[in-house]
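Okay, here's what each chain looks like letter by letter:
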Amino acid sequence: MFIVLVMDSPRVRALDAAIELLGTSGLRALTHARVDQRAGLPKGSSSNYFRTRAALLSGVADRIVAREIPPVAAAAPATADELIELLGGLVEHVSGPDRTLTTARLVLFMEASHNPGLRDAVSAGRLAMEGSVHRILDGLGALDPVNTAQSLMACAEGLILHRIVRHDQSDPRPAFALVVRGALGR
(Lines give C-alpha, C1' and ligand atoms only; values in the text may rest on other atoms or scores of the structure.)
Protein backbone atom coordinates (compact mmCIF):
# COMPACT_ATOMS: atom_id res chain seq x y z
CA MET A 1 0.00 0.00 0.00
CA PHE A 2 1.40 3.39 -1.01
CA ILE A 3 0.29 6.52 0.82
CA VAL A 4 0.52 9.98 -0.72
CA LEU A 5 2.44 12.20 1.65
CA VAL A 6 2.50 15.98 1.91
CA MET A 7 6.09 17.21 1.69
CA ASP A 8 7.56 18.44 4.96
CA SER A 9 4.68 17.05 7.02
CA PRO A 10 5.78 15.64 10.39
CA ARG A 11 5.07 12.14 9.04
CA VAL A 12 7.37 12.71 6.03
CA ARG A 13 10.03 14.25 8.25
CA ALA A 14 9.86 11.18 10.51
CA LEU A 15 10.19 8.81 7.54
CA ASP A 16 13.07 10.74 6.02
CA ALA A 17 14.80 10.78 9.42
CA ALA A 18 14.28 7.02 9.68
CA ILE A 19 15.82 6.58 6.21
CA GLU A 20 18.78 8.68 7.31
CA LEU A 21 19.24 6.58 10.46
CA LEU A 22 19.00 3.28 8.58
CA GLY A 23 21.33 4.48 5.84
CA THR A 24 24.00 5.87 8.13
CA SER A 25 23.81 3.76 11.29
CA GLY A 26 21.93 0.57 10.42
CA LEU A 27 18.86 -1.21 11.74
CA ARG A 28 19.82 -1.12 15.41
CA ALA A 29 19.89 2.66 15.35
CA LEU A 30 16.24 2.85 14.33
CA THR A 31 14.13 3.76 17.34
CA HIS A 32 11.14 6.05 17.61
CA ALA A 33 13.10 8.32 19.98
CA ARG A 34 16.01 8.64 17.56
CA VAL A 35 13.65 9.27 14.65
CA ASP A 36 11.97 12.08 16.61
CA GLN A 37 15.33 13.56 17.54
CA ARG A 38 16.73 13.36 13.98
CA ALA A 39 13.52 14.83 12.50
CA GLY A 40 13.36 17.62 15.07
CA LEU A 41 9.94 16.45 16.24
CA PRO A 42 8.52 16.43 19.76
CA LYS A 43 9.08 13.18 21.67
CA GLY A 44 6.49 10.56 20.81
CA SER A 45 5.64 12.04 17.41
CA SER A 46 6.85 9.18 15.24
CA SER A 47 5.17 6.60 17.46
CA ASN A 48 1.88 8.45 16.93
CA TYR A 49 2.23 7.83 13.19
CA PHE A 50 3.86 4.41 13.42
CA ARG A 51 2.73 2.58 16.56
CA THR A 52 5.18 -0.28 16.17
CA ARG A 53 8.66 -0.77 14.81
CA ALA A 54 7.13 -2.97 12.09
CA ALA A 55 4.81 -0.12 11.06
CA LEU A 56 7.79 2.25 10.97
CA LEU A 57 9.79 -0.16 8.78
CA SER A 58 6.86 -0.59 6.38
CA GLY A 59 6.40 3.18 6.26
CA VAL A 60 10.09 3.60 5.42
CA ALA A 61 9.79 1.03 2.62
CA ASP A 62 6.83 2.92 1.15
CA ARG A 63 8.64 6.27 1.48
CA ILE A 64 11.70 4.93 -0.33
CA VAL A 65 9.48 3.78 -3.19
CA ALA A 66 7.77 7.18 -3.26
CA ARG A 67 11.17 8.85 -3.62
CA GLU A 68 12.66 6.42 -6.17
CA ILE A 69 9.79 5.67 -8.57
CA PRO A 70 8.95 9.11 -10.06
CA PRO A 71 12.18 9.61 -12.04
CA VAL A 72 12.00 6.08 -13.46
CA ALA A 73 8.28 6.32 -14.19
CA ALA A 74 8.84 9.60 -16.04
CA ALA A 75 11.70 8.25 -18.15
CA ALA A 76 11.04 7.75 -21.84
CA PRO A 77 14.24 6.67 -23.58
CA ALA A 78 13.73 6.42 -27.33
CA THR A 79 16.67 4.12 -28.06
CA ALA A 80 18.64 1.29 -26.49
CA ASP A 81 21.59 3.64 -26.04
CA GLU A 82 19.41 6.16 -24.18
CA LEU A 83 18.13 3.37 -21.91
CA ILE A 84 21.66 2.15 -21.21
CA GLU A 85 22.75 5.70 -20.36
CA LEU A 86 19.67 6.22 -18.17
CA LEU A 87 20.35 3.00 -16.24
CA GLY A 88 24.05 3.79 -15.86
CA GLY A 89 23.24 7.26 -14.57
CA LEU A 90 20.65 5.84 -12.21
CA VAL A 91 23.14 3.39 -10.68
CA GLU A 92 25.70 6.17 -10.31
CA HIS A 93 23.12 8.44 -8.66
CA VAL A 94 21.75 5.89 -6.17
CA SER A 95 25.26 4.82 -5.19
CA GLY A 96 26.58 8.40 -5.05
CA PRO A 97 24.36 11.35 -4.09
CA ASP A 98 21.52 9.05 -2.93
CA ARG A 99 23.83 6.55 -1.22
CA THR A 100 22.19 6.92 2.21
CA LEU A 101 18.71 6.20 0.84
CA THR A 102 20.05 3.21 -1.10
CA THR A 103 21.86 1.87 1.95
CA ALA A 104 18.61 2.18 3.91
CA ARG A 105 16.82 0.23 1.17
CA LEU A 106 19.45 -2.52 1.34
CA VAL A 107 19.08 -2.68 5.13
CA LEU A 108 15.33 -3.17 4.62
CA PHE A 109 15.99 -5.89 2.02
CA MET A 110 18.06 -7.83 4.51
CA GLU A 111 15.51 -7.39 7.29
CA ALA A 112 12.75 -8.49 4.89
CA SER A 113 14.48 -11.84 4.47
CA HIS A 114 13.02 -12.91 7.82
CA ASN A 115 10.21 -10.41 8.32
CA PRO A 116 7.13 -11.35 6.24
CA GLY A 117 5.33 -8.04 6.78
CA LEU A 118 8.29 -6.03 5.61
CA ARG A 119 8.86 -8.49 2.77
CA ASP A 120 5.39 -7.61 1.46
CA ALA A 121 6.19 -3.87 1.52
CA VAL A 122 9.57 -4.36 -0.17
CA SER A 123 8.02 -6.66 -2.78
CA ALA A 124 5.32 -4.11 -3.59
CA GLY A 125 8.01 -1.50 -4.22
CA ARG A 126 9.95 -3.89 -6.43
CA LEU A 127 6.82 -4.64 -8.49
CA ALA A 128 6.12 -0.92 -8.93
CA MET A 129 9.67 -0.28 -10.16
CA GLU A 130 9.54 -3.37 -12.38
CA GLY A 131 6.30 -2.08 -13.92
CA SER A 132 7.99 1.20 -14.88
CA VAL A 133 10.92 -0.66 -16.44
CA HIS A 134 8.53 -3.04 -18.23
CA ARG A 135 6.71 -0.05 -19.76
CA ILE A 136 10.00 1.41 -21.04
CA LEU A 137 11.09 -1.93 -22.53
CA ASP A 138 7.73 -2.50 -24.15
CA GLY A 139 8.02 0.93 -25.78
CA LEU A 140 11.44 0.00 -27.15
CA GLY A 141 10.10 -3.23 -28.64
CA ALA A 142 11.71 -5.73 -26.25
CA LEU A 143 11.16 -9.33 -27.28
CA ASP A 144 10.08 -10.26 -23.72
CA PRO A 145 9.56 -7.07 -21.71
CA VAL A 146 8.48 -8.84 -18.49
CA ASN A 147 11.51 -11.12 -18.20
CA THR A 148 13.81 -8.39 -19.46
CA ALA A 149 12.54 -5.99 -16.78
CA GLN A 150 13.24 -8.64 -14.14
CA SER A 151 16.71 -9.25 -15.58
CA LEU A 152 17.54 -5.54 -15.73
CA MET A 153 16.32 -5.08 -12.16
CA ALA A 154 18.47 -8.00 -10.97
CA CYS A 155 21.46 -6.60 -12.84
CA ALA A 156 20.91 -3.14 -11.38
CA GLU A 157 20.46 -4.48 -7.86
CA GLY A 158 23.69 -6.47 -8.11
CA LEU A 159 25.65 -3.50 -9.44
CA ILE A 160 24.21 -1.23 -6.77
CA LEU A 161 24.99 -3.73 -4.02
CA HIS A 162 28.63 -3.93 -5.13
CA ARG A 163 28.90 -0.16 -5.32
CA ILE A 164 27.47 0.32 -1.83
CA VAL A 165 29.21 -2.56 -0.05
CA ARG A 166 32.51 -2.76 -1.91
CA HIS A 167 32.73 0.86 -3.10
CA ASP A 168 33.09 -0.53 -6.62
CA GLN A 169 33.12 2.40 -9.03
CA SER A 170 33.27 0.47 -12.30
CA ASP A 171 31.07 1.67 -15.15
CA PRO A 172 27.70 -0.13 -15.03
CA ARG A 173 26.90 0.60 -18.69
CA PRO A 174 28.60 -2.47 -20.26
CA ALA A 175 26.52 -4.83 -18.11
CA PHE A 176 23.34 -2.95 -19.00
CA ALA A 177 24.29 -2.91 -22.68
CA LEU A 178 24.58 -6.69 -22.69
CA VAL A 179 21.10 -7.17 -21.19
CA VAL A 180 19.37 -4.38 -23.12
CA ARG A 181 20.81 -5.22 -26.52
CA GLY A 182 20.13 -8.93 -26.01
CA ALA A 183 16.54 -8.19 -25.01
CA LEU A 184 15.98 -5.93 -27.99
CA GLY A 185 17.52 -8.42 -30.39
CA ARG A 186 20.25 -5.97 -31.41
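All of these numbers come straight from a predicted model, not from anything done at the bench.

Asks: I'm lost on the overall build of the chain in this one. Help?
Replies: From N to C terminus, the chain includes nine helices and zero strands. Shown N-terminal to C-terminal, the secondary structure of the chain runs as helices and strands in the order α-α-α-α-α-α-α-α-α. Here the C-alpha atoms of the chain give a radius of gyration of 17 Å, agreeing with the 16 Å that 2.2 N^0.38 yields for 186 residues. Projected onto the principal axes, the alpha-carbon positions of the chain cover approximately 55 × 30 × 30 Å. Here the chain, with 186 residues, has 45% of them falling under the buried criterion. At a minimum sequence separation of 6, the contacts of the chain that also span at least 24 residues come to 68%. Of the accessible surface of the chain, which amounts to about 9400 Å², a share of 59% is contributed by carbon and sulfur atoms.

Asks: Looking at this structure, I do not really get the environment of Met153. What am I missing?
Replies: Relative to the assigned elements, Met153 resides in helix 8 (residues 145-166). With relative accessibility at 11%, the residue Met153 sits in the buried group. Between the C-alpha atoms of Met153 and Leu87, which are 66 residues apart in sequence, the distance is 9.9 Å. Residue contacts for Met153: discarding those within four places in its chain leaves Arg126, Met129, Glu130 and Val133.

Asks: Looking at this structure, how should I read the packing of helix 4 (residues 53-74) against helix 7 (residues 116-139)?
Replies: A pair of packed helices is characterised by two quantities: the angle between their axes and the separation of those axes. Two elements in contact, helix 4 and helix 7, have axes whose closest approach is 9 Å; the angle formed by their N-to-C orientations is 5°. Here helix 4 is positioned roughly parallel relative to helix 7, judged by the angle of their axes. Contact residues: helix 4 offers Leu57, Ser58, Ala61, Asp62, Val65, Glu68, Ile69, Val72, Ala73 and Ala74, while helix 7 offers Gly117, Leu118, Ala121, Gly125, Ala128, Met129, Ser132, Val133, Arg135 and Ile136. Here the contact of helix 4 with helix 7 is built from residues that sort into 13 nonpolar, four polar and three charged.

Asks: Looking at this structure, I do not really get the packing of aromatic side chains. What am I missing?
Replies: Centre distance and the angle of the planes are the two values used to describe a pair of aromatic rings. Per the counting criterion, the structure on display carries one aromatic pair. Between the aromatic rings of Tyr49 and Phe50, the centroid separation amounts to 6.4 Å while the plane-to-plane angle is 55°, which identifies the pairing as tilted. A relative accessible area of 2% means that Phe50 is categorised as buried.

Asks: I tried to follow the pattern of salt bridges on my own but got confused; where do I start?
Replies: Pairing is possible between side chains that carry opposite charge, provided their charged atoms lie close to one another. For the structure shown, the criterion picks out ten salt bridges. With a shortest N-O distance of 2.3 Å, Asp81 and Arg181 are connected by a salt bridge. Placement of the pair is Asp81 in helix 5 (residues 80-94) and Arg181 in helix 9 (residues 173-183), with a sequence separation of 100 residues. Given a relative accessible area of 34%, Arg181 falls into the partly exposed group. In this structure, Arg173 engages Glu85 in a salt bridge whose closest nitrogen and oxygen atoms are separated by 2.9 Å. Of the two residues, Arg173 is situated in helix 9 and Glu85 in helix 5; the sequence distance between them amounts to 88 residues. With relative accessibility at 16%, the residue Arg173 sits in the buried group. Sharing partners across several salt bridges, the network here consists of Glu85, Glu92, Asp171 and Arg173.

Definitions and cut-offs
- Residues numbered from 1 in each chain as written.
- Predicted model: local features only at pLDDT ≥ 70, side-chain atom pairs only at ≥ 80, totals over all residues.
- Heavy atoms only, no water.
- Helix = DSSP H or I, 4+ residues; strand = E, 2+ residues; numbered from the N terminus.
- Rg over C-alpha atoms; globule rule 2.2 N^0.38 Å.
- Buried < 20%, exposed > 50% of the residue type's maximum accessible area, 1.4 Å probe, protein only.
- Contact = heavy atoms within 4.5 Å.
- Areas by Shrake-Rupley, 256 points an atom, 1.4 Å probe, with all protein chains shown as cover.
- Axes fitted to C-alpha atoms, helices over the stretch in contact; angles between N-to-C directions.
- Parallel < 35°, antiparallel > 145°, perpendicular 65-115°, else oblique.
- Nonpolar A, V, L, I, M, F, W, Y, C, P; charged D, E, K, R; others polar.
- Phe/Tyr/Trp six-rings, centres within 6.5 Å; stacked < 30°, edge-to-face > 60°.
- Salt bridge = Lys/Arg side-chain N within 4 Å of Asp/Glu carboxyl O.

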